[in-house]
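Listed here are the chains, written in short residue letters.
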Amino acid sequence: CNLCYNIRKIHQPALHTVRALKNIRSKLDHGLIAIPDLVQERMLFVFLLEWFNFPEVPMQEEVLDLIGALSKHPTGAQMLREVGAVDFLTQLSPNVDPHLRTIVDGIFDQLFHLPELYNVAEIFQNPNVLTDVFKTFILFLFLYPAVSTSVRCLKFSVFPWLSLNTTDRHILSSNESSLRSDNHNLVRTTCELLRDVIMQDFPAEIFLQRPSTVQSLLSLLGLNVDGDVSYLTFQALACLEQLCRNLRSRLRFYRDPSFCSAKQDPVSQNSSISYPQEVRATQHSGVSSPEEISTRPSVVGRPVQRVRGDGQDGDAASSSGSSSQRGAPPRPAQQSPLPQPHPELPPEMEAEDSLELQLQQWSLARFAVVTMEHALPLIRTGEKSLKVFQRVLELLAEAQGLLGDSIAPEVWDEHSLTATELREKLRACIETLGDVIYYHHGMTSSEQPESSLIHHRMVFTGTAIFTIRLLQTLLPVEKAGDNLPESTVAAIFLVCLDSSFSVAYPLIHESAVAYLEQACFERYSLYRRVSRVSHCMEATCTFLKDAQAEGDKNWHELLELADQGIDAFPYHQHLPVVKECVQICSYLWKFAQASPLLQSESQKIFLKLLSHPLSPVKAETYSCTLSILKECLGVQNVAKPASSICSGVHFLLHSRVLYEISMFGLQDQAREVNYSSSCFQRDPK
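Read on for an overview of the structure. Each chain has its residues counted from 1, following the order in which its sequence is written. Local features in a predicted model are, by the rule used here, given only for residues with pLDDT of at least 70; side-chain atom pairs are given and counted only at 80 or more, and totals for whole chains, interfaces and linings are based on all residues. Side-chain numbers come from the whole structure's heavy atoms, not from hydrogens or water.

## A short note on the packing of helix α15 (residues 231–254) against helix α20 (residues 386–406)
At their nearest, the axes of α15 and α20 sit 9 Å apart, and the two run at 25° to each other. If you check the angle between α15 and α20, you find them roughly parallel. For the pair α15 and α20, the sense of crossing is left-handed. Across the interface between the two elements, Phe234, Leu237, Ala238, Leu240, Glu241, Cys244, Arg245, Leu247, Arg248 and Leu251 of α15 pack against Lys387, Val388, Arg391, Val392, Glu394, Leu395, Glu398, Ala399, Gly401, Leu402 and Asp405 of α20. Axis definition: a line fitted to C-alpha atoms, limited for helices to the stretch in contact. Angles are taken between N-to-C directions and run from 0 to 180 degrees. In this description a helix means any DSSP run of H or I spanning at least four residues, a strand means any run of E spanning at least two, and both kinds are numbered starting from the N terminus. The cut-offs work like this: below 35 degrees is roughly parallel, past 145 is roughly antiparallel, 65 to 115 is roughly perpendicular, and the gaps in between are oblique. Note: crossing handedness is left-handed where the near helix turns anticlockwise from the far helix by less than a right angle, and right-handed where it turns clockwise. Contacts are assigned to residue pairs with any non-hydrogen atoms lying within 4.5 Å of each other.

This is the structure in structure tokens:
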């Protein structure tokens, strides 16, 4: 009772927790209790792990030492595995001091210590036993990559293993054979059956654990008829897209906090043999007829019994039993609310080598990468229809979600075999995407029919969006310089330069610029210069449009546009802009109550034009100014009041303007500038 009291106190905060832990440690050190006594207390393991969830964690080393001592006992190691210690300690290890990681590694060694099922003599005398031991060891290395401190590139590796009975295996085998048939009609109907029925009845991870069906679907993606994408390819794309969606749904289920069971049974609750057949046929009394009853329990994560058949109805039982029950109403199931123990493996499972199959299964990351590898060639080049592109893009988007769920950013830095293989495949896919963008962008700039231009433009835009989102999912911006292929960098440069793309997708464009800056600073600098020129050209067009428009004007905005337009003169040299600027300056200086700020800004623009490095711009400025001077002070105005006619030249009477004209205009080498300057010096009278 005192031990139970101390165990409960460990889960409480503050001093009671530390006192209870020290009490247990003291009794253990003085022999009042022993490790075999403690390993029977399941909640003790839970509380010891939750110790590290407190805001302040005292006695970390003592707690880890106690967990290590408990893990050395077989029952203690089993308890720790069942309460999820592997995942917990895997996440904890990087966040503790280096000297504590040694203790954590020692705990891992105990948790995955292979049981001594066979003696040495038996192993070497019996080749079959040796093979089983070897498979078990390899399976341990394959299924628990997160335990190793050198493999952290996977957020999620493989799903819990699901066993299948004979009928399930027959269904999958039959469909795999049909997918490899030379009869196109049979392949088409098999794809439809697979998508509409089988993928709805089987948990999605079945197709990764037994990847033959997926491999057949991927081979159909390369099937062309007379250079065109075949109907079978469309069917395969639809099946793979459906599988991706189902896998994401299953992944969300397994990550549900309510699904908390780290215990791996030989027959999972997901398995089709989890229940005896005489019970399986009567699990749900709400089904209207025996023909609709599914003999396999509901897929984990589905709240109700399925009514769609998959070959698991009455035919899963004996033929006599099925026929005798065909016309009889189902009997209500008598089930206990408590979890039922799993049955022993039935004889029908003996033909399936689970260890062999588990070594051949695909990880979630591998499936997503291979799917991308096979789908991308469909949009690489050529004049394929937009329907094909849309279908491929939908599949790629689903695969991208799986990649984000399964691959960690550490994949770009790790040197493990898993990370190296994934990194090479991802780089190849990203390089292919760059080639696709570059190809279709080049086709939009050539002489093509309108329909072809629309096709290439849509493929360019869609591929660019997907590529940037894929990079956002997998590749941190700071690692772009070391991992982006050259062709992809060139393609991103084109995306950055595309002004219409930047307007339509500003966030994607902003991210593309960030990747370009890290990947190639030379191209990024060129993009910045081009972007600035493009902005100035756009400002010039807007300035001319607004300046020539009728009605009231926003003078502050107009002057800002004029200032930006002057910077673009080396590229457009559109001299009418000069005339508009000079006229605005003259107008804003006419009035005695004019805004000093507007006068100051307009004067800066006028001085920039008078001193512009391009001779044509400077000459046009002096010429326009002389024209205004003649218009205001000409003999045609002799009968008009002086105040009304002279106000148009007020902008010339400021000391800065007179200094610029006197000191530089008169000395200018250009004849037009020199002549206009000399005219300004004449006495108007």
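## Topic: the pattern of salt bridges
A pairing counts as a salt bridge when a side-chain nitrogen of Lys or Arg comes within 4 Å of a carboxyl oxygen of Asp or Glu. Under the defined criterion, the tally for this structure stands at 16 salt bridges. Two residues, arginine 195 and aspartate 196, come together in a salt bridge whose shortest N-O distance is 3.7 Å. Here the term buried applies to any residue with accessible area under 20% of the maximum for its type, exposed to any over 50%, and partly exposed to those in between, with areas from a 1.4 Å probe on protein chains only. Among the residues examined, aspartate 196 registers a relative accessible area of 40% and is labelled partly exposed. Its salt-bridge partner being aspartate 567, residue arginine 532 comes within 3.4 Å of it at the nearest N-O pair. Pair noted here: arginine 532 is in helix α27 (residues 521–547) and aspartate 567 is in helix α28 (residues 555–567), with a separation of 35 residues, a long-range link. Owing to a relative accessible area of 52%, arginine 532 belongs among the exposed residues under this scheme.

## What to know about the nonpolar core
Grouped together as the largest cluster of nonpolar side chains are 94 residues, with contacts concentrated most on Phe207, Leu217, Leu247, Phe367, Leu403, Ile407 and Ile492. The element that contributes the greatest number of residues to this core is α15, accounting for 12 residues. If we ignore the near neighbours within four places in the chain, the residues touching leucine 403 are Ala365, Ala368, Val369, Met372, Leu426, Leu470 and Leu474. By size, the runner-up hydrophobic cluster in this structure holds 38 residues, among which are Leu561, Ile566, Ile605 and Cys632. What is meant by a nonpolar core is a set of buried Ala, Val, Leu, Ile, Met, Phe, Trp, Tyr and Cys residues, joined one to another through side-chain atoms within 4.5 Å.

## Here we look at helix α19 (residues 364–375)
Since one α-helical turn is 3.6 residues long, residues separated by three or four positions face the same way. The length a helix should cover is 1.5 Å for every residue beyond the first. Its 12 residues place the ends of α19 17 Å apart at the C-alpha level, agreeing with the 16 Å of an ideal helix rising 1.5 Å per residue. With nine of 12 residues buried, α19 is to be regarded as a mostly interior element. For α19, the complete set of buried residues consists of Leu364, Ala365, Phe367, Ala368, Val369, Val370, Thr371, Met372 and Ala375. For α19, the secondary structure elements touched by its buried residues are α13 (206–209), α14 (212–220), α15, α20, α21 (417–444) and α22 (450–474).

## A short note on the packing of aromatic side chains
Planes of paired rings set the category: under 30 degrees apart is stacked, over 60 is edge-to-face and the rest tilted, where pairs are Phe, Tyr or Trp rings (Trp by its six-membered ring) whose centres lie within 6.5 Å. Across all of its chains, the model carries 10 aromatic pairs by this definition. Centre to centre, the rings of phenylalanine 202 and phenylalanine 207 are 6.5 Å apart; their planes meet at 65°, and the pair counts as edge-to-face. Of the two residues examined, phenylalanine 202 and phenylalanine 207, each falls in the buried class. Relative to tyrosine 527, the ring of tyrosine 524 lies with its centre 6.5 Å away and its plane at 40°, an arrangement referred to as tilted. Linking tyrosine 524 with tyrosine 527, this pair stays in helix α27, spanning three residues, or about one helical turn. One exposure class covers both tyrosine 524 and tyrosine 527, and it is buried. Within the aromatic cluster, the residues linked to one another by ring pairs are Phe156, Phe159, Phe253 and Tyr254. For a ring to carry a charge above it, either NZ of a lysine or CZ of an arginine must fall within 6 Å of the ring centroid while also lying within 35 degrees of the normal to the ring plane. Here lysine 387 stacks its cationic end above the ring of phenylalanine 234, 5.3 Å away from the centre of that ring.

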